[in-house]
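Structure assessment
Chain by chain, the residues:
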Amino acid sequence: MNRLPIWIAAPLASLWLAFAAMADTLPQPEGPVILTITGALAHTNGDGVARFDLAMIEALEQHSRQVETPWFEGVQDFTGPRLSALMAHVGATGSGIRVIAVNAYSANMPWSDLQSYPVILAVRHNGRQMSLRDKGPLFVIYPFDQHPELRNEVVFSRSVWQVAGIEVLP
Ligand SMILES: Nc1nc2c(c(=O)[nH]1)N[C@H]1C(S)=C(S)[C@@H](COP(=O)(O)O)O[C@H]1N2
Ligand SMILES: [Mo]
């Protein structure tokens, strides 16, 4: 570009910057990264991935559910963004997602689950952040309260705890 006259080079450079910014619209995490999203994303914050710290996840609209699950006794309160909203936030396109836990467990989830049900990626359990030993930092929570038909092995297997990553499947 050093051979181009400045009056051509400068607008070209700013155009390039504008396009780069369109693909790179997410702010940078400031705290520890607790979630990394990969795959076909329109919005990233570095090298094709979207990385989130706790504050970035909690900046999305939060939803609370009071649910009974196989993992805790009695009704428990879980709060976090809808998974569908999180996927829209990063501009994900694909056939579904794979949710990956810190223990390398993973489960695939079709888009239809996210469209049919208000599945949340819980960041809080009874108002508190979840430590790793309490199945945190992130836990996929289906609306078992409103939709008893979800109480089956397939959906339980998609209820990933200790979530660390999401891969958008092609
Ligand atoms: N992080 C993580 N989440 C997970 C699993 C796992 O091994 N690790 N197992 C899944 C499967 S296959 C099911 S059926 C339920 C099992 O829950 P349980 O081990 O409490 O019965 O959690 C799901 N979530
Ligand atoms: Mo399972």
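Up top is the structure these notes are about.
This report concerns the structure included in the present document. Predicted, not measured: the structure shown is a model, and the values here were computed from it.

Here we look at the side chain of Asp53
Along the polypeptide, Asp53 turns up in strand E2 (residues 50–53). A polar contact is formed between the side chain of Asp53 and the backbone nitrogen of Ala55, at a distance of 3.3 Å. Only 2.9 Å separates the side chain of Asp53 from the backbone nitrogen of Met56, close enough to count as a polar contact. With residues up to four places along the chain from it excluded, the contact list for Asp53 reads Pro29, Glu30, Gly31, Pro32, Val33 and Ile34.

With respect to the nonpolar core
For soluble globular proteins, the rule of thumb is that nonpolar side chains tend to be buried together. Ranked by internal contacts, the top residues of the largest apolar core, which has 37 residues, are Leu35, Ile37, Phe52, Leu83, Leu86 and Met87. Ignoring any residue separated from it by four or fewer positions in sequence, one finds Leu86 in contact with Leu35, Ile37, Phe52, Leu60, Leu121 and Ile166.

A closer look at the site of ligand 1
Contacts to ligand 1 come from Trp71, Ala101, Asn103, Tyr105, Glu153, Phe156, Ser157, Ser159, Val160 and Trp161. With respect to ligand 1, the side chain of Trp71 contributes an N or O atom lying 2.8 Å from an oxygen atom. Here a nitrogen atom of ligand 1 sits 3.2 Å away from a polar atom, N or O, in the side chain of Asn103. Against a free-state accessible area of 530 Å², the protein chains account for coverage of 66% of ligand 1. Take the shell around ligand 1: its biggest share by element is three residues, from helix H5 (residues 153–158).

Definitions and cut-offs
- Residues numbered from 1 in each chain as written.
- Chains lettered and ligands numbered in written order.
- Predicted model: local features only at pLDDT ≥ 70, side-chain atom pairs only at ≥ 80, totals over all residues.
- Heavy atoms only, no water.
- Helix = DSSP H or I, 4+ residues; strand = E, 2+ residues; numbered from the N terminus.
- Polar contact = N/O pair within 3.5 Å; in protein donor to acceptor, adjacent residues only side chain to side chain.
- Contact = heavy atoms within 4.5 Å.
- Core = buried A, V, L, I, M, F, W, Y, C linked by side-chain atoms within 4.5 Å.
- Buried < 20%, exposed > 50% of the residue type's maximum accessible area, 1.4 Å probe, protein only.
- Near = heavy atom within 4 Å.
- Areas by Shrake-Rupley, 256 points an atom, 1.4 Å probe, with all protein chains shown as cover.

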